[in-house]
Amino acid sequence: MNITDNNFEYLGMPKIVLMENAGKSIADEVATYLKHEKGIKNKIYVFCGLGNNGGDGFVAVRHLMGYCDYTDEISKSFGVTRFPSLHSEIIVILLGKEMEIKTYESKENFKILKNISELDFRLKIKEIACPNEVLKIIEEIKKYKKDNIIIIDAMLGTGIKGELREPFRTVVNELNNLKNKESKRSNLKIISVDTETKGIMADIVITFHKYKWDNNLNKTFNIDDKRIILKKIGIPPIAEYVVGWGDLKALSKINPDSHKGDNGKVLVVGGSKEFFGAPILSALACSKIVDLVTVASVKNTMDALRNYPELMGYEIEGDYFGEKHITEISELSKKYDVILLGNGLGVNKNTKSFVNGFLKEMETLNKKVVIDADAIKVIDYNNFNFSENFIFTPHKREFEYMGFDMNNIKNMGNGNGSNSDNINNIIDMDISNIDSTIVLKGKYDLIFNKNNIKINKTGNAGMTVGGTGDVLCGIIGGLFSKNDAFISGCCGAFINGYTGDLLLKEKGYCYTAMDVLNKIPHVLNIFN
Ligand SMILES: NC(=O)C1=CN([C@@H]2O[C@H](COP(=O)(O)OP(=O)(O)OC[C@H]3O[C@@H](n4cnc5c(N)ncnc54)[C@H](O)[C@@H]3O)[C@@H](O)[C@H]2O)[C@@H](O)CC1
Ligand SMILES: [K+]
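Residues numbered from 1 in each chain as written. Chains lettered and ligands numbered in written order. Predicted model: local features only at pLDDT ≥ 70, side-chain atom pairs only at ≥ 80, totals over all residues.

In the region of ligand 1, 34 residues are neighbours, and Gly51, Asn52, Asn53, Gly157 and Gly159 sit closest. The leading source of residues in the shell around ligand 1 is helix α3 (residues 52-67), at five residues. (Near = placed C-beta within 6 Å. Helix = DSSP H or I, 4+ residues; strand = E, 2+ residues; numbered from the N terminus.)

This paragraph deals with the environment of Thr499. Along the chain, the position of Thr499 falls in helix α17 (residues 485-507). Counting along the chain gives 24 residues from Thr499 to Val523, while the straight-line C-alpha distance between them is 6.5 Å. When near neighbours in sequence (up to four residues on either side) are disregarded, Thr499 contacts Val516, Lys519, Ile520 and Val523. (Contact = placed C-beta atoms within 7 Å.)

This brings us to α17. Between the first and last C-alpha of α17 there are 32 Å, a value that for 23 residues agrees with the 33 Å anticipated at 1.5 Å per step. Burial within α17 is extensive, with 17 of its 23 residues counted as buried. Looking at the residues trailing α17, positive phi occurs at Gly508, about 70°. (Expected span 1.5 Å × (residues − 1). Buried ≥ 20, exposed ≤ 12 C-beta atoms within 10 Å, placed from the backbone.)

Turning our attention to the sheet that holds strand β14 (residues 368-372). A sheet is described by the order of its strands in space; here nine strands give the open sequence β12-β11-β10-β13-β14-β15-β16-β17-β18, paired in mixed fashion. Either end of the sheet is taken by a strand with one partner, and the two such strands are β12 (312-315) and β18 (453-456). Between one strand axis and the next, the sheet turns by 15° as a mean value, whatever way the strands run. In the sheet, β14 pairs with strand β15 (residues 390-393) via four bridges, with the strands oriented parallel. Note on β15: the bridge partner recorded for Val370 is Ile391. The strands touched by helix α16 (residues 468-480) within the sheet are β10 (265-269), β13 (338-341), β14, β15 and β16 (437-440), with β14 carrying the most contacts at an inclination of about 170°. (Pairing = 2+ DSSP bridges. Axes fitted to C-alpha atoms, helices over the stretch in contact; angles between N-to-C directions.)

Taking 1.5 Å per residue as the helical rise, α16 with its 13 residues ought to reach 18 Å, and the 18 Å between its terminal C-alpha atoms agrees with that figure. Within α16, 13 of the 13 residues are buried, which leaves the element mostly enclosed by the surrounding structure.

Let us look at the nonpolar core. Val268 and Val370 are the most contacted members of the largest nonpolar core, which totals 88 residues. Among the elements that line this core, the one with the most residues is α17, at ten residues. Discounting chain neighbours no more than four positions away, the residues touching Val370 are Val338, Leu340, Leu341, Ile391, Thr393, Cys473, Ile476, Gly477 and Phe480. Leu18, Leu188, Ile190 and Ile200 belong to the second-largest nonpolar core, a separate cluster that totals 50 residues. (Core = buried A, V, L, I, M, F, W, Y, C linked by C-beta atoms within 7 Å.)

Take the environment of Asp372 next. When you line up the elements, Asp372 lands in strand β14. The buried category is assigned to Asp372, around which 32 C-beta atoms lie within 10 Å. For the pair formed by Asp372 and Glu166, sequence separation is 206 residues and the distance between their alpha carbons is 50 Å. Discounting chain neighbours no more than four positions away, the residues touching Asp372 are Leu340, Gly342, Asn343, Thr393, Gly469 and Cys473.

Contact geometry for α16 and α17: axes closest at 8 Å, N-to-C directions at 140°. It follows that α16 is oblique to α17 by the angle criterion. In this structure, the crossing between α16 and α17 has a hand that is right-handed. Facing α16, whose interface residues are Thr468, Val471, Leu472, Ile475, Ile476, Leu479 and Phe480, α17 presents Ala485, Ser488, Gly489, Cys491, Gly492, Ala493, Ile495 and Asn496. (Parallel < 35°, antiparallel > 145°, perpendicular 65-115°, else oblique. Left-handed = near helix turned anticlockwise from the far one by under 90°.)

A few words now on the sheet that holds strand β5 (residues 188-193). Pairing is parallel across the open sheet formed by seven strands, whose spatial order is β3-β2-β1-β4-β5-β6-β9. Two strands bound the open sheet, and with one partner strand each, they are β3 (123-128) and β9 (228-231). The average angle at which neighbouring strand axes cross in this sheet is 20°, direction not considered. Note: strand β6 (residues 204-208) against β9, four bridges, orientation parallel. Residue pairing in the sheet places Val205 in a bridge with Ile228 of β9. Set on the sheet, helix α2 (residues 15-31) makes contact with β4 (148-154), β5, β6 and β9; between it and β6 the angle comes to about 150°. In this fold helix α7 (residues 168-181) packs onto β1 (41-48), β2 (87-95), β4 and β5, with an angle of close to 145° to the strand it touches most, β5.

Moving on, we come to unusual backbone geometry. Glu166 connects to Pro167 through a cis peptide bond whose omega is 0°. When you line up the elements, Pro167 lands in the loop between β4 and α7. If you check the backbone angles, Asn366 has positive phi at about 60° while not being a glycine. On the secondary structure map, Asn366 appears in the loop between α13 (349-365) and β14. With 8 C-beta atoms packed within 10 Å, Asn366 lands in the exposed category.

Turning our attention to the packing of α2 against α3. For the pair α2 and α3, interaxial distance at closest approach is 7 Å and the crossing angle is 50°. One finds that α2 runs oblique with respect to α3. Where α2 crosses over α3, the handedness of that crossing is right-handed. Only Asn52, Gly55, Asp56, Phe58, Val59, Ala60, His63, Leu64 and Tyr67 of α3 make contact with α2, whose side of the interface consists of Met19, Glu20, Ala22, Gly23, Lys24, Ile26, Ala27, Val30 and Ala31. Broken down by class, the residue content of the contact of α2 with α3 amounts to eleven nonpolar, four polar and three charged. (Nonpolar A, V, L, I, M, F, W, Y, C, P; charged D, E, K, R; others polar.)

Okay, structure coming up:
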């Protein structure tokens, strides 16, 4: 959900608008539980966390004020009754201090509530930091026996990490106790926003866009019981299919306490007498992301490698990879997290037997491998069941070498996009048995495996310059050392294209693969 939300922002949708939609949908639902009878007061307690779940709560409160109209008292003084009488009070409890609110959109919405509460005594805001203050509020709720009590849990949503911290834990425990003790009271309801804050016994959960998955229960939250209400908040399906900065934000982060090698070790296997530079480009791109990169290649590559002290080299005998190198390179690969195979390898009988034999070894060793360029062309695909440890990065022609038909690919900027009326129809073929991830390069890149499919739209015509494919392979390999295949493929395509888009602004179409790879750290930094 966070990826989708951020990627919709990448497509131009401000998060604060989604928050508005979410908050309004909460208010519309909660309004149906308000009591309108004379003499009954609605008391709405809204417990808000410091993230965007809390922000949804703030927006809901603002909309609820519209439902809790009491202007009849004013109008009565003019001798007319304009609105039904509805006595309500809303108490917002922020679990922390205003300055601790994490996000821009949440802060903005909190400010509006503060402005309202200064003028309207029916909205009260309390900022609490310690568990004791929670107890006071619970005692207060207990006193209102006759009132219609609605408790809104906007404490934590999809951003929860680990066990509940204080004062959240006390709030959840106390609200559960309250609910148990007062179970005979039908006029007390707990309504959770988006997901139940861990452990809370909500009567109703109002969830946004899609049902949420609970990793602990290994099932969708509450889908079995009928308490869950799904609200659409204006997110179109494409937000789930586009690659954007949401994917980048979801990449694993570097641990500040890590040691050399902890952040990835990659072995690049490629190069030949003629194409000695390609594996170096991949390795340099990769070295922007991981700690250690070694290039295993022929003498010509080793000679060129001397200019790049950040890379290590492993020289093989001869001008091409061949069958005789399989054991040696497989042994070497054991020390690395990811192997990049194919750049500049060349296509001949020797490289063919090397690639097929080496990949069999990689299957046995359970190694992660990114397969690019010439390697894609020489694989006997019938002999392999490539697992989720393999990523392929073909362009259109190489894709056909893999046994696919480009005519089955729609909406890729290849001219036949208009045939596709539905995003699910992008691939018009059975991909249910593809465990590995395929990054099909094109005007728009298509990244898919049997579980996922996404389109990347970064990049421009300047990227047709030689070497950018090698750079892409290097980025993907670097990311793959610490992330799963699909997100590595998506983010690799995004980063590579995004560097190209920045370069287009700076230099027009006259940039090189070297420019692209030098821009990688800058792009990673923007989205960190
Ligand atoms: N994804 C979407 O499409 C949308 C999401 N929205 C809301 O945004 C929520 C996600 O927002 P956030 O990512 O800010 O995350 P949350 O608001 O769920 O929580 C993150 C905050 O809680 C704190 N926290 C995390 N784990 C904790 C723990 N164990 N104990 C105590 N505090 C803890 C963190 O410090 C962080 O500040 C969703 O659940 C939803 O309610 C909506 O605003 C609109 C659209
Ligand atoms: K919640």
